[in-house]
Amino acid sequence: MANEILTQEKLIEIFEYKDGHLYWKKKIAKNIIVGSKAGWISGAGNYDLMYQNKTYKVHRLIFALHHGYFPKIIDHIDGNPLNNKINNLREATHSQNLQNSKLRKDNKSGEKGVIWDKKYKKWRVSCVLNKKQYHGGYYKNLTEAIESVRKLRTQLHEEFARNR
């Protein structure tokens, strides 16, 4: 049982999925209570759980339980790492996961991809896709810059576009 590979069948045997959470279906250790919620909120702000002395991200287990495989990266569509409902989880590339990231706390414009350019004294619009930066223009008006970056982001990032 040590170093056992978690398969979809094993996950189905051990866990029950309900509304974005996993519940213990089988007593696999002394401290496990059948029917109790599996896992805890980690310091990183997502749900983790311990199985056979290994820590797993709950969203990865939920995805594998439903789809039968572990993708390299799983994206939370709404950006909330605590929302592990299966309809909020999707496979993504690293680039797509970054596209769906939230607004940084140090952002001064209030919009991703819009910064004040001191040299031109205008708002500069840009967007990144697969490590390539796309320039969206310079704007005197912040509202116009925001409108422009949202159009550019939607065009480039498609369903992974997050505007805030």
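Everything that follows concerns the structure shown earlier in this document.
Here's what I pulled together on the structure shown here.

Rules of the game
Residues numbered from 1 in each chain as written. Predicted model: local features only at pLDDT ≥ 70, side-chain atom pairs only at ≥ 80, totals over all residues. Heavy atoms only, no water. Phe/Tyr/Trp six-rings, centres within 6.5 Å; stacked < 30°, edge-to-face > 60°. Helix = DSSP H or I, 4+ residues; strand = E, 2+ residues; numbered from the N terminus. Buried < 20%, exposed > 50% of the residue type's maximum accessible area, 1.4 Å probe, protein only. Salt bridge = Lys/Arg side-chain N within 4 Å of Asp/Glu carboxyl O. Pairing = 2+ DSSP bridges. Axes fitted to C-alpha atoms, helices over the stretch in contact; angles between N-to-C directions. Core = buried A, V, L, I, M, F, W, Y, C linked by side-chain atoms within 4.5 Å. Contact = heavy atoms within 4.5 Å.

## Thoughts on the packing of aromatic side chains
Any pair of aromatic rings gets described here by the distance separating the centres and the angle formed by the planes.
Part 1 of the reasoning: If you walk through the whole model with that rule in mind, you get four aromatic pairs.
Part 2 of the reasoning: Arranged with centres 4.8 Å apart and planes meeting at 55 degrees, the rings of Y120 and Y138 form a pair that is tilted. Taken together, the residues Y120 in the loop between β8 (114-117) and β9 (122-129) and Y138 in strand β10 (residues 132-139) connect sequence positions 18 residues apart.
Part 3 of the reasoning: Under the relative-accessibility criterion, Y120 is labelled partly exposed at 44%.
Part 4 of the reasoning: Using a relative accessible area of 32% as the deciding quantity, one classes Y138 as partly exposed.

## Remarks on the pattern of salt bridges
Part 1 of the reasoning: For the coordinates displayed, the defined rule picks out ten salt bridges.
Part 2 of the reasoning: Between E111 and R153 there is a salt bridge, with the nearest N and O atoms lying 3.3 Å from each other. Of the two residues, E111 is situated in the loop between α3 (94-99) and β8 and R153 in helix α4 (residues 142-157); the sequence distance between them amounts to 42 residues. The exposure classification of E111 matches that of R153, with both residues buried.
Part 3 of the reasoning: Bridged by salt links that share partners, the residues K10, E13 and K26 form one connected network.

## Some words on the sheet that holds β9
Part 1 of the reasoning: As summarised here, the arrangement of the three strands in space is β8-β9-β10, forming an open sheet in which the pairing is antiparallel. The open sheet is flanked by β8 and β10, the only strands paired with a single partner. Taken pair by pair, the neighbouring strands of this sheet meet at an average axis angle of 30 degrees, ignoring direction.
Part 2 of the reasoning: Sheet analysis places β8 next to β9, joined by four bridges and oriented antiparallel.

## Regarding the nonpolar core
Part 1 of the reasoning: Core analysis: the biggest nonpolar cluster contains 20 residues, and L6, L11, F15, L22, W24, L49 and L61 have the highest contact counts within it.
Part 2 of the reasoning: Listing elements by their share of this core, those giving two or more residues are α1 (8-14), β2 (21-24), β4 (47-51) and α2 (58-67).
Part 3 of the reasoning: In terms of residues, this core owes the most to one element, α2, which gives six residues.
Part 4 of the reasoning: Contact partners of F15, with chain neighbours within four places excluded, come to L22, Y23, W24, K25, A38, L49 and L61.
Part 5 of the reasoning: Ranked by size, the runner-up nonpolar core spans nine residues in total, among them C127, A145, V149 and L152.

Keep in mind these numbers describe shape, not what the thing actually does.
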